[in-house]
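Observations on the model geometry
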Amino acid sequence: MKMEIGVIAIAIIVLLVTFFVFGRNVKNTFEAEFFYWLKSTLVMAPLLFGWIVYNEPAILNLTGILISVGLAAAFTLGRSYLIAML
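Along every chain, residues carry numbers that run from 1 in the direction the sequence is written. For this predicted model, a pLDDT threshold of at least 70 governs which residues receive local features, and a threshold of 80 or more governs which side-chain atom pairs are given and counted, while totals over whole chains, interfaces and linings are taken from all residues. The side-chain quantities take in all heavy atoms of the structure and omit both hydrogens and water.

**Structural notes on the nonpolar core**
Core analysis: the largest hydrophobic core is formed by 14 residues, its most contacted members being Val7, Ile10, Met44, Leu48 and Ala72. By residue number, the principal contributor to this core is helix α2 (residues 30-55), which donates seven residues. By nonpolar core is meant a set of buried Ala, Val, Leu, Ile, Met, Phe, Trp, Tyr and Cys residues that side-chain atoms within 4.5 Å join together. Here's how the labels work: a residue is buried when its accessible area is under 20% of the maximum for its type, exposed when over 50%, partly exposed in between, all with a 1.4 Å probe on protein chains only. Where helices and strands are cited, they refer to DSSP runs of H or I of at least four residues and of E of at least two residues respectively, numbered from the N terminus.

**Examining a nonpolar patch on the surface**
Patch membership is restricted to residues that have no salt bridge and whose relative accessible area is over 30%. Joining uses 9 Å for like charges and 5 Å for the nonpolar side chains Val, Leu, Ile, Met, Phe, Trp and Tyr. Method for areas: the Shrake-Rupley scheme with a 1.4 Å probe, in which residue coverage is limited to the protein chains shown. The salt bridge definition used is simple: a Lys or Arg side-chain nitrogen within 4 Å of an Asp or Glu carboxyl oxygen. On the surface, Ile8, Ile12, Leu16, Phe19 and Phe20 cluster together into a nonpolar patch covering about 490 Å² of accessible area. As for its placement among the helices and strands, Ile8 is situated in helix α1 (residues 3-23). For Ile8, a relative accessible area of 47% translates into the label partly exposed.

**Concerning the environment of Arg79**
One can find Arg79 in helix α3 (residues 62-85). For Arg79, a relative accessible area of 11% puts it in the buried group. Placed 67 residues apart in sequence, Arg79 and Ile12 show a C-alpha to C-alpha distance of 9.7 Å. Whether two residues are in contact is decided by their heavy atoms: any pair within 4.5 Å suffices. Other than its neighbours up to four places away in sequence, Arg79 contacts Leu15, Thr18, Phe19, Tyr36 and Ser40.

**Topic: the packing of aromatic side chains**
Put simply, two rings from Phe, Tyr or Trp (the six-membered ring, in Trp's case) pair if the centres are within 6.5 Å, and we call them stacked under 30 degrees between planes, edge-to-face over 60, tilted for the rest. Under the defined criterion, the tally for this structure stands at five aromatic pairs. Ring centres 5.5 Å apart and planes at 65 degrees place the aromatic pair Phe19 and Phe20 in the edge-to-face group. Judged by relative accessible area, which is 36%, Phe19 ranks as partly exposed. Judged by centre distance (5.7 Å) and plane angle (35 degrees), the rings of Phe34 and Trp37 are tilted. With Phe34 and Trp37 both in helix α2 and three residues apart, this pair spans about one turn of that helix.

Written as structure tokens, this is what we have:
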């Protein structure tokens, strides 16, 4: 499987799982939504890092960590705005 397809698949699966685990009873306050975003990011980042390193072993350094955390943060932040745009 290509790296991009795997990243998208991991992101979708983790977004669904973290919604069912953490996001069902989130109140509409900044603090609750921030911690929900933070938990989702912290769950997704290691999975994305593992997938990226599996496909590209040369990126096993700080760059790979920053890429996976950045993608995880962007995906989880984008989930809130995607739902709002629908």
